[in-house]
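# Notes for the structure review
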Amino acid sequence: MRAFDPAAYGLLVLIGIAMGVFLVEVKMRRRAVWPRGLTIRLLCVAMPAAILGAKLAGSLDTQRVLGERPRELLTSAGDCASWGGIVSGGLVMLWILRK
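A few points on the structure. Quantities reported herein were computed from a predicted structural model and do not represent experimental measurements. (Residues numbered from 1 in each chain as written. Predicted model: local features only at pLDDT ≥ 70, side-chain atom pairs only at ≥ 80, totals over all residues. Heavy atoms only, no water.)

## Structural notes on the overall build of the chain
The criterion, for reference: Numbering of helices and strands runs from the N terminus; a helix is a DSSP stretch of H or I covering at least four residues, while a strand is a stretch of E covering at least two. Here's how the labels work: a residue is buried when its accessible area is under 20% of the maximum for its type, exposed when over 50%, partly exposed in between, all with a 1.4 Å probe on protein chains only. Contact definition: two residues touch when any of their heavy atoms are within 4.5 Å. Residue-level accessible areas treat just the shown protein chains as cover; the underlying method is Shrake-Rupley with a 1.4 Å probe.
What the chain contains, in helices and strands, is three helices and zero strands. From first element to last, N terminus to C terminus, the chain shows the α and β order α-α-α. Going through the 99 residues of the chain one by one, you find that 23% of them count as buried. In the chain, of all internal contacts separated by at least 6 residues, the share reaching a separation of at least 24 is 45%. Surface exposure of the chain reaches about 7600 Å², of which carbon and sulfur atoms provide 69%.

The structure is reproduced here in structure tokens:
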């Protein structure tokens, strides 16, 4: 028995994101808070920003110089810091909502 399966973990994260988007979209549509499809637009912009923010924060956390291996920000290699993803994704979402 394997203790950790990255593919299963990724699938569960994807299912969680899809469920969250669906629930937010339904709730906001019932309350007529924002236009239809805004949740998906937010997700399409905020998720990449959150991933890059987490990778950048992880690189800064470990005090590794980004000039050595800058491609690691765009690949799965390297460190991630969840606080960087939360901050960068949240800031991008706020920026979009203020437009």
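## Examining helix α1 (residues 6-31)
What counts here: A helix is expected to reach a length of 1.5 Å times the quantity of its residues less one.
The end-to-end C-alpha distance of α1 is 37 Å, a good match for the 38 Å that 26 residues give at a rise of 1.5 Å each. Every buried residue of α1 is listed here: Val 21, Glu 25 and Met 28. In the segment just after α1, Ala 32 is the residue with positive phi, at about 55°.

## Some words on the pattern of salt bridges
The cut-off we apply is this: The rule for a salt bridge is simple: a side-chain nitrogen of Lys or Arg has to be within 4 Å of a carboxyl oxygen of Asp or Glu.
Enumeration according to the criterion identifies one salt bridge in this entry. With its nearest N and O atoms 4.0 Å apart, the salt bridge here joins Arg 29 to Glu 25. With Arg 29 and Glu 25 both in helix α1 and four residues apart, this pair spans about one turn of that helix.

## Some points on a nonpolar patch on the surface
For clarity, the cut-off: Within this analysis, patches are made of residues with over 30% relative accessible area and no salt bridge. Like charges are joined at 9 Å or less; nonpolar side chains (Val, Leu, Ile, Met, Phe, Trp, Tyr) at 5 Å or less.
Among the surface-exposed residues, Leu 11, Leu 12, Leu 14, Ile 15 and Met 19 lie close enough to one another that they form a single nonpolar patch of about 520 Å² accessible area. With respect to the helices, strands and loops of the structure, Met 19 is situated in helix α1. Accessibility expressed as a relative area gives 47% for Met 19, which makes it partly exposed.

## Details of the nonpolar core
Where we set the bar: Here, the term nonpolar core denotes a set of buried Ala, Val, Leu, Ile, Met, Phe, Trp, Tyr and Cys residues that are joined through side-chain atoms within 4.5 Å.
With five residues, the main nonpolar core is built from Leu 38, Leu 42, Ala 49, Val 92 and Ile 96. Among the secondary structure elements, those contributing two or more residues to this core are α2 (38-61) and α3 (82-98). If sequence neighbours within four positions are ignored, Leu 42 has contacts with Trp 34, Met 47, Met 93, Ile 96 and Leu 97.

## Looking at the side chain of Glu 25
Looking at Glu 25, the relative accessible area reads 9%, which means it is buried. Leaving out residues up to four positions away in the same chain, Glu 25 has contacts with Trp 34, Pro 35, Arg 36, Gly 37, Leu 38 and Thr 39.

## Focus on unusual backbone geometry
Residues other than glycine seldom take positive phi values, yet Ala 32 does so here, at roughly 55°. What makes Ala 32 exposed here is its relative accessible area of 64%.

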